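Overview (structure and organization)
Now for the letters of each chain:
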Amino acid sequence: MSLTPEQAQRLRLPHYPRSAGHDPEWALTHLMGPNALWLTEALVETMELRPGMRVLDMGCGTALSSIFLAKEFGVQVWANDLWIPASENWARVQAAGVADRVFPIHAEAHALPYAEGFFDAAVSLDAYHYFGTADLYIGYFARFTRPGGQIGIVVPGLHAEFEAGVPAHLAPYWDWEFGSFHSPAWWRQHWEKTGQVAVERADTLPEGWREWKLWLEICRDAGYRHSPNDLALLEADAGQHFAFARVVGRRPGA
Ligand SMILES: C[S@@+](CC[C@H](N)C(=O)[O-])C[C@H]1O[C@@H](n2cnc3c(N)ncnc32)[C@H](O)[C@@H]1O
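Note that the coordinates shown come from a computational prediction; the quantities given were computed from them, not determined experimentally.

Another point: the state of the cysteines. All chains considered together, the criterion is met by zero disulfides. No disulfide involves Cys60; its sulfur sits 19 Å from that of Cys219, the nearest cysteine. According to the relative accessible area criterion, Cys219 is buried, its value standing at 0%.

Shown next as structure tokens:
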């Protein structure tokens, strides 16, 4: 599996200049879904990260986002995941040269081993919808970030909630787990009603569905792991419903 120069060029997107500086084969080799670097860059351009900050990367998968954050922003990252063993991520972190700043942790989202208020910020890329849709979860999750700290997520989502079930053109590709995809307005209300975070932003990534489709096409053409069903769904939908939801909140107090 290797990219042609043309494919590599198509993955260099002008609005993700930081991502473009990282080896695309590295991102493809360790992918777990959409391009983790693009999602991370799109999220943190709306957050305040400063060198030395302690950041929780929740559901980091293969820790691509954690390594990216450590390299690009000089932050310390606790790379927390469930499906990927910490030892595997440790090898990746060492190989990437950020062993002094990225700390792999294996922990389930409802049993986090951190001190309350420990983190300056928390992020989660393409993961929070797996564990964060319960009404009370944000109240649990937010407590690990200090008062005044930010919490940001990017998740696969919808422009608006379906009012009358799954649209007919999406039915052939619909997976029941897509039931955890929600709109920015849904996420805003979901977090705000708890009073545990003040939502500063809830929107969709402007070109999110096109970038998701481009990524899947390159994965397919270059022989990397991808979901043909997701690609068919994005083609059928053409940006009508599917998007990436981006939500950033801040823990009250300072
Ligand atoms: C689709 S992968 C995304 C990984 C990575 N953030 C990325 O963008 O490549 C979703 C991740 O969420 C994590 N996850 C799902 N449920 C979880 C839970 N209950 N506790 C902790 N992590 C969880 C999985 O371990 C998995 O790595």
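The immediate surroundings of the ligand are formed by 17 residues, with Gly59, Asp81, Trp83, Glu108 and Leu125 found nearest. In the environment of the ligand, a nitrogen atom lies 2.7 Å from a nitrogen or oxygen atom belonging to the backbone of Gly59. Between the ligand and the protein, one listed contact pairs a nitrogen atom with a backbone N or O atom of Ala109 at 2.9 Å. For the ligand, the protein covers 96% of the area, taking 590 Å² as the surface of the free molecule. The cavity that encloses the ligand is the largest pocket. The residue inventory of the shell around the ligand, partitioned by class, reads 12 nonpolar, two polar and three charged.

This model, assessed by the stated rule, comprises 26 aromatic pairs. Consider the rings of Trp83 and Tyr130, whose centres lie 5.3 Å apart with planes at 70 degrees: the pair is edge-to-face. Of this pair, Trp83 sits in the loop between β2 (76–81) and α6 (86–95) while Tyr130 sits in helix α7 (residues 128–131), and the two are 47 residues apart along the sequence. Centroid distance Tyr114 to Phe144: 6.3 Å. Interplanar angle 80 degrees. Geometry classified as edge-to-face. A residue pair is termed long-range when its members are at least 10 positions apart, and Tyr114 in the loop between β3 (102–106) and β4 (119–125) and Phe144 in the loop between α8 (137–142) and β5 (145–158) qualify at 30 residues. The same class applies to Tyr114 and to Phe144, which are both buried.

Scoring rules and cut-offs
Residues numbered from 1 in each chain as written. Predicted model: local features only at pLDDT ≥ 70, side-chain atom pairs only at ≥ 80, totals over all residues. Heavy atoms only, no water. Disulfide = S-S within 2.5 Å. Buried < 20%, exposed > 50% of the residue type's maximum accessible area, 1.4 Å probe, protein only. Near = heavy atom within 4 Å. Polar contact = N/O pair within 3.5 Å; in protein donor to acceptor, adjacent residues only side chain to side chain. Areas by Shrake-Rupley, 256 points an atom, 1.4 Å probe, with all protein chains shown as cover. 1 Å grid on protein atoms, 1.4 Å probe; cavity = no way out; pocket = protein on both sides within 12 Å on 5 of 7 lines; lining within 4 Å. Sits in = over half its atoms within 2 Å of the grid points. Nonpolar A, V, L, I, M, F, W, Y, C, P; charged D, E, K, R; others polar. Phe/Tyr/Trp six-rings, centres within 6.5 Å; stacked < 30°, edge-to-face > 60°. Helix = DSSP H or I, 4+ residues; strand = E, 2+ residues; numbered from the N terminus.

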